[in-house]
Amino acid sequence: MVMVLLQNIAAYTVNMADNIMLGNYSQNSLSAAAAVNQIFFIVQQIALAVGEGFIVIGSQYWGQKRTEPLCHLAGTALKTGMFFGIAIAAGCSAFPQAIMELFTKDPAVTAQGMEYMVILKYTFVLFIITNVLLAVLRCVETVKISIFASFITLLINICGNYLLIYGNWGFPRLGIRGAGIATLIARIGELAIVLVYIFKFDTKIKLTVRKILKTDRSLRRDYIKVEIPVMLSQLLWAVAVPLQTALLGHMSSEAMAANSIATTFYQYLKVIVMAVSSASAVMIGSAVGSGDREKVRSEARTLSVFDAGIGVILGSALFLLKEPLLGLYSLTENTRTLASQMMTVMSIVMAGMSYQMPVSSGILRGGGDTGFFMMMNLICTWGVVIPLSFIGVFWWHCSAVETVILIQSDQIFKVVPVFLRFCSYKWIKRLA
């Protein structure tokens, strides 16, 4: 779990580096990058969905020590991910201005966002392929290469940003375009490292191009059966988050910048929760695959208590560190105040999210119950939060902070259905 955590922190810091370094360059650049990163957020969720779909069924095969099915499942997962990545990149190429105007009404922010998007779109497919391959390795408990690749990527991105955003050491001062170029170079390097390891050094799954291209219809059918609810649940959430961000973007550029900063640090701590979720899915899936039902129940109870404790710790950390973290940015006084208030809200939200997310997307989904997570997101996000947020902005005319409370409210009330489902143990399902 610690290895997965370190890899997730390094991977997320790649995008965070753009936010911090652009925040010191100009507030408009920060807002523009925040808008484009809403599209990248959807790409991240697709990569996560494809990888987690593989892990749900693949970890059960690994629990039985059967590696041949994993190779065929990996090929199906890669093809699925590439399809979505290419489709989103094509959409960004065809409608860049229309996409930017969904998130901001400021012409200056829109113009800079389009400069960033024209470069960043090429990273989408690279990112998805890399993360699906890392999910395959994580499924067979190989995680050290993930940490190495992510930290090298982070180093390349920070150095590239330093040289190309600000024009240091004789390089051109490119601003937001420099951030995009640095990220593209970093993603190419990350994928190259992972490919070299898989095809030259891996001894567990022994993946080859021939195995990736070969199709096993029964395994493909099993993967699709698992992947559809996983993908739908992630997409429902992935579309909802940028839509909610767009509501703030239509208030003011200050509200958007403040939200970008607050959510950056919230998301940074959230990678810890995501690491716990991913590790939990592998642990529970492997236990289910071995057929030891009592082991599944015992490990699940331990993990759920751990999740509740880590939520209190992370929420407290975000609240106590908010002022030092805000000192990293050059902001107007109003933007700084808004960001501080939003981070206070996020610190409370963190406690609920740190329990319900690892239990629902880690324990329950890892145990084979992929449908519950999808239905919960459909009802809570699209049945409650989205309508409530729109009413709050356009009818009640809520402030930016009040809007954030409405947007994040589901992270608290999801705790109840998740706890009840966990206690039923109906989520333990044999898939392999």
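No experiment lies behind these values; they were computed from the predicted model shown.

Novice: Honestly, the nonpolar core in this entry has me stumped. Any pointers?
Specialist: Side chains of nonpolar character tend, in soluble globular proteins, to be buried together. One finds Phe-54, Leu-70, Ile-88, Phe-124, Leu-133 and Leu-207 to be the most contacted residues of the largest nonpolar core, which totals 109 residues. Looking at this core, the element that brings in the most residues is helix 2 (residues 27–63), giving 20 residues. If we ignore the near neighbours within four places in the chain, the residues touching Phe-124 are Ile-39, Phe-40, Val-43, Gly-85, Ile-88, Ala-89 and Cys-92.

Novice: Would you mind going over the packing of helix 2 against helix 13 (residues 333–366) with me for this structure?
Specialist: Two packed helices can be described by the angle between their axes and the distance between those axes. Direction vectors running N to C along helix 2 and helix 13 enclose 10 degrees, while the axes themselves pass 14 Å from each other. Taken together, the axis directions place helix 2 and helix 13 in an arrangement best described as roughly parallel. Contacts between helix 2 and helix 13 involve Gln-27, Glu-52, Val-56 and Gln-60 from the first element and Thr-335, Arg-365 and Gly-366 from the second. Here the contact of helix 2 with helix 13 is composed, by residue class, of one nonpolar, four polar and two charged.

Novice: Which parts of the structure should I look at to understand the environment of Leu-163?
Specialist: Among the secondary structure elements, Leu-163 is positioned in helix 7 (residues 144–164). Leu-163 sits in the buried class, given a relative accessible area of 17%. Sequence spacing of Leu-163 and Ala-179 is 16 residues, and the spatial spacing of their C-alpha atoms is 9.4 Å. Setting aside residues no more than four positions away along its own chain, Leu-163 makes contact with Asn-168, Trp-169, Phe-171 and Pro-172.

Novice: Quick question: what am I supposed to make of a nonpolar patch on the surface here?
Specialist: A surface patch of nonpolar side chains, amounting to about 350 Å² of accessible area, comprises Leu-195, Phe-199, Val-209 and Leu-213. Elements supplying a minimum of two residues to the nonpolar patch: helix 8 (176–200) and helix 9 (209–213). If you trace the backbone, Leu-195 turns up in helix 8.

Novice: What is the right way to look at the packing of helix 3 (residues 68–94) against helix 6 (residues 123–139) in this model?
Specialist: One can describe the packing of helix 3 onto helix 6 by two numbers: an axis separation of 8 Å at closest approach and a directional angle of 160 degrees. Relative to helix 6, helix 3 is oriented roughly antiparallel. In the crossing of helix 3 with helix 6, the sense of the turn from one axis to the other is right-handed. Seen from helix 3, the contacting residues are Leu-70, Ala-74, Ala-77, Leu-78, Gly-81, Met-82, Gly-85, Ile-86, Ile-88, Ala-89 and Cys-92; seen from helix 6, they are Phe-124, Val-125, Ile-128, Ile-129, Val-132, Leu-133, Val-136 and Cys-139. Taken together, the residues of the contact of helix 3 with helix 6 sort by class into 17 nonpolar, two polar and no charged.

Novice: Just to check I follow, could you spell out a positive patch on the surface for this structure?
Specialist: There is a patch of like positive charges on the surface, built from Lys-79, Arg-217, Arg-220 and Arg-221. In this structure, Arg-220 sits in helix 10 (residues 217–249). Residue classification places Arg-220 among the partly exposed positions, given a relative accessible area of 35%.

Novice: For this particular structure, what's the right way to read the pattern of salt bridges?
Specialist: Should their charged atoms come close, side chains of opposite charge can pair. A complete count under the given rule lists five salt bridges for this structure. A salt bridge links Arg-301 to Glu-294; the shortest N-O distance between them is 3.7 Å. Salt-bridge contacts for Lys-414 lead to Asp-410; the nearest nitrogen and oxygen are separated by 3.2 Å. On the basis of relative accessibility, which here comes to 3%, the residue Lys-414 falls in the buried class.

Definitions and cut-offs
Residues numbered from 1 in each chain as written. Predicted model: local features only at pLDDT ≥ 70, side-chain atom pairs only at ≥ 80, totals over all residues. Heavy atoms only, no water. Core = buried A, V, L, I, M, F, W, Y, C linked by side-chain atoms within 4.5 Å. Buried < 20%, exposed > 50% of the residue type's maximum accessible area, 1.4 Å probe, protein only. Helix = DSSP H or I, 4+ residues; strand = E, 2+ residues; numbered from the N terminus. Contact = heavy atoms within 4.5 Å. Axes fitted to C-alpha atoms, helices over the stretch in contact; angles between N-to-C directions. Parallel < 35°, antiparallel > 145°, perpendicular 65-115°, else oblique. Nonpolar A, V, L, I, M, F, W, Y, C, P; charged D, E, K, R; others polar. Patch = residues over 30% accessible without salt bridge, like charges linked within 9 Å, V, L, I, M, F, W, Y side chains within 5 Å. Areas by Shrake-Rupley, 256 points an atom, 1.4 Å probe, with all protein chains shown as cover. Salt bridge = Lys/Arg side-chain N within 4 Å of Asp/Glu carboxyl O. Left-handed = near helix turned anticlockwise from the far one by under 90°. Lys, Arg positive; Asp, Glu negative; His and termini not counted. Charge placed at Lys NZ, Arg CZ, Asp CG, Glu CD.

Fair warning: the whole summary comes from geometry, so function is off the table for now.
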